[in-house]
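# What the coordinates show
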Amino acid sequence: NSRLILALDVLSRDRALHLATALKDRVDYVKVGYPLILAAGLDIVGEIARIAPVIADLKIADIPNTNTLICEEVLDSGAAGIIAHAFVGRDSLSACVEAAREAGGLVFAVTEMSHPGAEELMGPAAERLARMAADCGVDGVVAPATRPERISLVRSIVGERAIISPGVGVQGGSPSAALKAGADSLIVGRSITESPNPAASADAILREIR
Ligand code: BMP
């Protein structure tokens, strides 16, 4: 496994399929979120899943019953994993964990985010969310490559669970700093998808990972 997850935030089905095909051997998962699903329809999840395993990033954040319905739909559509927000609470996150278990999929929880505005919300509240997510039995958490010191702290809370980290490249995070801090995988979007040579840009990140 390459420890690289491609964030496929493009708006065209053709471009998405082209990039997934070109990069499938370089990435462990393709992360598909609202931009592509809204532009191309939910069927794109199944289409990409035939090329590479998909993590559906719908940042699920609702009451337990609605979370269950969302998880079932997206896992049915072919996703190997889902991403849910932790802030909605233990029961809602547990609903996602249960739905994923039934479908044989993975669940990742967002406990703090990589953008500047997330900064004032960090600290004890985010640490509680990470602890709660680990208690709920998530497979992993999303932690910000833009703040490697937060990755280290999250690592001390979630133990062996996976940490997947976005924020590398365009958002300013460094691959090696995130990995040194304890990230298992890097989530990278625009540095690859907007590159004139996506495969070469992915290879440059893979070299840094190795
Ligand atoms: P990029 O490498 O282009 O900045 O993309 C990062 C990807 O990770 C985007 O899909 C974004 O929605 C997602 N993401 C993030 O950047 N920060 C977070 O805290 C959580 C995310 O899911």
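The structure reproduced in this document is the subject of the present report. The structure presented is a predicted model; accordingly, all values stated were derived computationally and were not measured. (Residues numbered from 1 in each chain as written. Predicted model: local features only at pLDDT ≥ 70, side-chain atom pairs only at ≥ 80, totals over all residues. Heavy atoms only, no water.)

## Here's the deal with the overall build of the chain
Let me state the cut-off plainly: Only DSSP runs of H or I reaching four residues or more are called helices, and only runs of E reaching two or more are called strands; each is numbered from the N terminus. Note that the radius of gyration is over C-alpha atoms, with the globule rule given as 2.2 Å times the number of residues to the power 0.38. Each residue's exposure class comes from its accessible area (1.4 Å probe, protein chains only) as a fraction of the maximum for that residue type: buried when under 20%, exposed when over 50%, partly exposed otherwise. Here the open area of atoms and residues is found with the Shrake-Rupley method and a 1.4 Å probe, where only the protein chains shown may cover a residue.
Broken down by element type, the chain carries 10 helices and 8 strands. Here the C-alpha radius of gyration of the chain, 16 Å, is about what a compact globule of 210 residues would show, namely 17 Å. Seen along its three principal axes, the alpha-carbon backbone of the chain occupies a region of about 40 × 35 × 30 Å. Across the 210 residues of the chain, 53% fall into the buried class. Total accessible area on the chain is roughly 9,400 Å²; 51% of this is exposed by carbon and sulfur atoms.

## Notes on the pattern of salt bridges
A side chain with one charge can pair with a side chain of the opposite charge if their charged atoms come near. Test applied: One speaks of a salt bridge when a side-chain nitrogen belonging to Lys or Arg is within 4 Å of a carboxyl oxygen belonging to Asp or Glu.
Applying the stated criterion across every chain yields a total of 12 salt bridges. Here Asp25 ties to Lys24 by a salt bridge, and the two come within 3.9 Å at their closest N and O atoms. We note a salt bridge from Asp57 to Lys59, for which the minimum N-O separation is 2.9 Å. Given a relative accessible area of 29%, Lys59 falls into the partly exposed group. Overlapping salt bridges, with partners in common, bring together Arg13, Asp14 and Glu47 in one network.

## With respect to helix 10 (residues 198-209)
Helical geometry note: an α-helix holds 3.6 residues per turn, so side chains three or four residues apart project in the same direction. Worth spelling out the cut-off: In this scheme, a helix's expected span is set at 1.5 Å multiplied by one less than its residue total. The arc in question is the one traced by the directions running from the helix axis out to the C-beta atoms. In this description, contact between two residues means that some pair of their heavy atoms is separated by no more than 4.5 Å.
Look at helix 10: 16 Å from first C-alpha to last across 12 residues, which is about the 16 Å you get at 1.5 Å a residue. Pro198, Ser201, Ala202, Ile205, Leu206 and Ile209 are the residues of helix 10 that are buried. The buried residues of helix 10 occupy an angular sector of 140° when projected down its axis, which confines them to one face. Looking at the buried side of helix 10, the elements it contacts are strand 1 (4-7), helix 1 (13-23), helix 8 (175-181), strand 8 (185-188) and helix 9 (190-193).

## Focus: the pairing of strand 1
Just so we agree on the cut-off: At least two bridges found by DSSP between two strands is the condition for calling them paired.
Side chains Leu4 and Leu6 of strand 1 all project onto a buried face; the interleaved residues Ile5 and Ala7 project onto the opposite face, where all are buried too. In terms of strand pairing, strand 1 meets strand 8 through 3 bridges, oriented parallel. Among the inter-strand pairings, Ile5 is bridged to a residue of strand 8, identified as Ile187. Where strand 1 and strand 2 (residues 29-33) come together, 3 bridges link them in parallel fashion. Bridge assignment links Leu6 to a residue of strand 2, and that residue is Val30.

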